[in-house]
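Chain residues, written in single-letter form:
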Amino acid sequence: MGGVLEGGDQEASQASHLQMLSSVLPSAEKGRVSLVQSYHHAFKGFSAMLTEEEAALLSDNKEVVSVFRDRTLQLHTTRSWDFLEAESGVGAERLQHKASNDVIIGIIDTERALFSWKEYGRNHPASVTLGWGRSLRGGKAPAWKQLTSKDQTATESYSLMFAGDAAAEYTPVSEASNCYPGSIDERKASGKILVCVDTDPTLTRRVKKSVAEGAGAKGLILIDEEEKGVPFDSGSFPFAEVGSDVGLQILKYLNSTKKPSAVILPSEEAKEIRPAPVVAYFSSRGPGGLTEAILKPDVMAPGVSIVAASIPISDTGTIPTGREPSKFAIKSGTSMACPHVAGAGAFVKSAHPRCSSTSATVTNNLGRPLTNHKLASASFHDMGSGEMSPLRALSPGLVFDTAIDDYLLFLCRYGYKDQAVRSISGRSNFSCPYNAAASPDLISDINYPSISIAKLERKQTVSRTVTNVGPPNATYTAAVDAPAGITVQVSPARLSFSRRGAKASYAVAFEARGASKGYGYGSITWSDGAHAIHSVFAVNCV
């Protein structure tokens, strides 16, 4: 439980606080709760905490598991402002005095203590210098990870060897090339930097690193196109990861000289990486597994190269000499994106308390369409409606209000019986439309901001309703970007709103005219000259 006190008479505030606690606790019948005794905030120069009397009141209530004293921690939020500023062009100083003024966002991760920020458009590439003096840059890595060890300086290089040439006796070259456990001859690899490939997806980078380190190698260069942009903590063992293009140059160099050599240099933070963002290789792709009539994913969010609090590594072999285990690590994944999604939601709600929407953009920091990790154009099954853009959600113009009934109708169309839907929703008088499960294609009619047609044989029409959250007397005009072979007609093509909060509906007719089989992608953009609302769609022609 938390709260924000705005100042004023402290005794009066405490009295009202006790009254609030007394009124809330008796109604806490739906579950037991654990409360923290103190909370602090720095807004408007006021600090507040529970008193001993309040803590005692909480402890006496049977619905409370425990009340314990919490210590004050300093927050570090610099990088999230970088994300907001980079994706909008609006300065952080301006942002901090607007919608987010009285908002505190706390994230609890049941695995570890977590506070994270986005290294937006940044990474820590490691450089490899070959014997001929050419420097090649690898992928992302923790800033301290590539520090040269005491016996390897920036001016000293080591023999470079392809791992396949260091194969142990009776070992296939394909296994040694992938740094397979037991595949490397220590007598050949000791004292050298090994070049390993990743043609066997069953072996992780950590396994390959352990194999090279166990063989006495001085370092490892891994050629891996898929994971080159995802950080890897190799401890104190020199490690660099490169993509296929750079890897090919290294292999050509190995074959061009009798005594190839190289050095892995310390990594450095690189700012304003372009293009950014890109869709990570491990990001979930659509279409959805349960139904293809709802576009999945919904949106993408920052989740790569996040500096997060982490349990210190206990293995001393992974810690650089003379350094203590770090309490932070660079993480990637859905759990790293969650704090930003939660923060974006709270950020929007601070300006619009009744709104739970967000917005998204489909362009990168070059002003071009978003790409995947291979720099190929990303489809809406890769990125959903795009990367979330919380600033644009502060003044979207129009919103798609997906109501509870929409979700209940989804359950009906998906095949749930009336009794199951009533049990889930708590609505004892709810009934599904007659024979609802017989028309699963009508799931596409749910008032979602995107549109997905699972099977377009000839023609299908869906409807949407938008709500004006912008100024009154607004008129929006539709513009369609349709794929080849699919005709898309919006009716009406103009929507007028006399007041804020007014709603208007429209229909979208999709018709296949010589389209190739498979999915086609496009969008409908509603614009009033000041706002542009993109509704993306994916249509599967069969």
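Residues numbered from 1 in each chain as written. Predicted model: local features only at pLDDT ≥ 70, side-chain atom pairs only at ≥ 80, totals over all residues. Heavy atoms only, no water.

S.K.: I tried to follow the state of the cysteines on my own but got confused; where do I start?
M.R.: One covalent bond between the sulfur atoms of two cysteine residues makes up a disulfide. Per the counting criterion, the structure on display carries 1 disulfide. Shown here is the disulfide that connects Cys412 with Cys432, its sulfur atoms set 2.0 Å apart. With the S-S dihedral at roughly -75°, the linkage between Cys412 and Cys432 falls on the left-handed side. Of this pair, Cys412 sits in helix 11 (residues 404-414) while Cys432 sits in the loop between helix 12 (418-425) and strand 18 (451-456), and the two are 20 residues apart along the sequence. Among the residues examined, Cys412 registers a relative accessible area of 1% and is labelled buried. (Disulfide = S-S within 2.5 Å. Helix = DSSP H or I, 4+ residues; strand = E, 2+ residues; numbered from the N terminus. Buried < 20%, exposed > 50% of the residue type's maximum accessible area, 1.4 Å probe, protein only.)

S.K.: Before we go on, may I ask you to explain the packing of aromatic side chains in this structure?
M.R.: Aromatic ring pairs: the centre-centre distance and the angle between the two ring planes describe each pair. This structure, assessed with the given rule, holds 9 aromatic pairs. An aromatic cluster is present here, built from Phe380, Tyr519 and Tyr521 joined pairwise through their rings. (Phe/Tyr/Trp six-rings, centres within 6.5 Å; stacked < 30°, edge-to-face > 60°.)

S.K.: Got a minute to help me understand the sheet that holds strand 23 (residues 503-512) in this structure?
M.R.: The pairing of strands in a sheet comes from backbone hydrogen bonds and takes either a parallel or an antiparallel form. With respect to topology, 4 strands assemble into an open sheet ordered 17-19-23-21, the strand pairing being antiparallel. Single-partner strands in this sheet number two, and they are strand 17 (398-399) and strand 21 (486-491). Sheet topology note: the strand 21/strand 23 ladder contains 6 bridges and is antiparallel. In the strand pairing of strand 23, Thr487 is matched with Glu511. (Pairing = 2+ DSSP bridges.)

S.K.: Would you explain the environment of Arg205 in this entry?
M.R.: As for its placement among the helices and strands, Arg205 is situated in helix 7 (residues 205-214). According to the relative accessible area criterion, Arg205 is buried, its value standing at 9%. In this structure the C-alpha to C-alpha distance between Arg205 and Ser234, which are 29 residues apart in sequence, comes to 8.8 Å. Setting aside anything within four residues of it in sequence, one finds Arg205 in contact with Leu222, Glu227, Val230, Pro231, Phe232 and Glu241. In this structure the side chain of Arg205 is engaged in a polar contact, spanning 2.8 Å, whose partner is the backbone oxygen of Val230. (Contact = heavy atoms within 4.5 Å. Polar contact = N/O pair within 3.5 Å; in protein donor to acceptor, adjacent residues only side chain to side chain.)

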